[in-house]
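Observations on chain architecture
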Amino acid sequence: AQSVSQHNHHVILSEAASLELGCNYSYGGTVNLFWYVQYPGQHLQLLLKYFSGDPLVKGIKGFEAEFIKSKFSFNLRKPSVQWSDTAEYFCAVNALNTGFQKLVFGTGTRLLVSP
Amino acid sequence: GAVVSQHPSRVICKSGTSVKIECRSLDFQATTMFWYRQFPKQSLMLMATSNEGSKATYEQGVEKDKFLINHASLTLSTLTVTSAHPEDSSFYICSAKTASGVSYEQYFGPGTRLTVT
């Protein structure tokens, strides 16, 4: 079965620090990859996605992620975080073997940015 | 575009009663909707996939007789928690896929917090 691992459960950063959140998945076939963000009290929002093509994808709010197929990884990055980036971040994968229907989520990383 | 709503946002019910949660796609047609459950400080776990006009497909370990899913139209799916118990207290989130365009994306509703007393 597919699984998604997020290595950091809690991250605390100061404003302007750089951010990298790890995400690894277990499925060896064709996948689509997503990062979602959940701000306090709000619903999940899509930050960025990778379907095919350039493995470096840019999303909203200055976030980017790089798909490294050989490492089964899709790490999220932001060069300089802001206080408003405080939220929970979820990596998710869907795979060809489920017709790209079923999204499997990682356990999430709670980011706290101090002003 | 691609807005998904859920109603109610919060519900408290007594043990043994049933609760219905609605999920609507407001500005698009959703051939497929998904129901997730999120426990505190944990990730979303897929409960079931529902396709308009057909029976839902439940994930392993999810009781289909307890969590009744109906997807009667292209814009509405409902989840009914029957004979609710305190252990059913959770945050229930739905998502929907569009019927056209890029079909791999899911758009999420704001969630429904269920508390069973």
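For the structure, see preceding data.
From a predicted model like this one, the values you see are computed outputs, not experimental measurements. Counting restarts for each chain: residues are numbered from 1 in the order of the written sequence. For naming, the first written chain is A and the first written ligand is 1, with later ones following in the order written. Reporting in this predicted model follows two pLDDT cut-offs: at least 70 for local features of residues, and 80 or more for side-chain atom pairs to be given and counted; totals over whole chains, interfaces and linings ignore these cut-offs and use all residues. As a convention, hydrogens and water are excluded, and side-chain values are obtained from all of the structure's heavy atoms.

1. Examining the overall build of chain A
Which entries qualify depends on this criterion: The helix count covers DSSP runs of H or I at least four residues long, the strand count covers runs of E at least two residues long, and both are numbered beginning at the N terminus. A radius of gyration in this sense is built from C-alpha atoms; the matching globule rule multiplies 2.2 Å by the number of residues raised to 0.38. Note on classification: 1.4 Å probe, protein chains only; a residue is buried when its accessible area is under 20% of the maximum for its type, exposed when over 50%, partly exposed between these limits. Residues are treated as being in contact if the distance between any of their heavy atoms lies within 4.5 Å. Surface accessibility follows the Shrake-Rupley procedure with a 1.4 Å probe radius. Residue values consider only the protein chains on display as shielding. In summary, the charge assignment counts Lys and Arg as positive and Asp and Glu as negative, without counting His or the chain termini. Charged groups are reduced to one reference atom each: NZ for lysine, CZ for arginine, CG for aspartic acid, CD for glutamic acid.
If you tally the helices and strands in chain A, you get 0 helices and 12 strands. Counting from the amino terminus, chain A carries its helices and strands in the arrangement β-β-β-β-β-β-β-β-β-β-β-β. Expected size for 115 residues packed as a compact globule is a radius of gyration near 13 Å; at 14 Å, chain A falls within 12% of this value. Seen through its principal axes, chain A has C-alpha atoms that stretch 45 × 30 × 20 Å. Counting across all 115 residues of chain A, residues that qualify as buried make up 47%. Counting only contacts in chain A whose residues sit at least 6 apart along the sequence, the fraction spanning at least 24 positions is 55%. Accessible surface for chain A amounts to roughly 5,400 Å². Of this, 55% is attributable to carbon and sulfur atoms. Positive and negative charge centroids in chain A, built from 9 and 7 side chains respectively, lie 7 Å apart.

2. Notes on the nonpolar core
All names here are of chain A. We count it as follows: Side-chain atoms within 4.5 Å are what join buried Ala, Val, Leu, Ile, Met, Phe, Trp, Tyr and Cys residues into a set we call a nonpolar core.
Among the nonpolar cores identified, the biggest contains 31 residues, and Trp35, Leu48, Phe74, Leu76 and Tyr89 are the most heavily contacted of them. Elements with a contribution of two residues or more to this core: β2 (10-14), β3 (19-21), β5 (31-38), β6 (45-50), β8 (64-68), β9 (73-78), β10 (87-95) and β12 (109-114). Take this core: its biggest share by element is 5 residues, from β10. Ignoring sequence-local partners within four residues, the contact set of Leu48 consists of Leu33, Phe34, Trp35, Val57, Lys58, Gly59, Phe63, Glu64, Ala65, Phe74 and Leu76.

3. Focus on the interface of chain A and chain B
For clarity, the threshold we go by: The term salt bridge refers to a pairing of a side-chain nitrogen on Lys or Arg with a carboxyl oxygen on Asp or Glu at a separation within 4 Å. Nitrogen and oxygen atoms within 3.5 Å of one another constitute a polar contact, given that in protein one can donate a hydrogen and the other can accept it, and given that sequence-neighbouring residues count only through two side-chain atoms. Just so you know the grouping, Ala, Val, Leu, Ile, Met, Phe, Trp, Tyr, Cys and Pro go in nonpolar, Asp, Glu, Lys and Arg go in charged, and all remaining residues, Gly too, go in polar.
The interface of chain A with chain B comprises 19 residues on the first partner and 19 residues on the second. Taken together, the links from chain A to chain B amount to 1 salt bridge. If you look at where chain A meets chain B, you find 4 residue pairs in polar contact (both at pLDDT 80 or more). Of the residues forming the side of chain A that touches chain B, the biggest block, 4 residues, is contributed by β5 of chain A. When its residues are assigned to classes, the side of chain A that touches chain B shows 9 nonpolar, 7 polar and 3 charged.

Interpretation note: all reported values are geometric properties and have no functional meaning in isolation.
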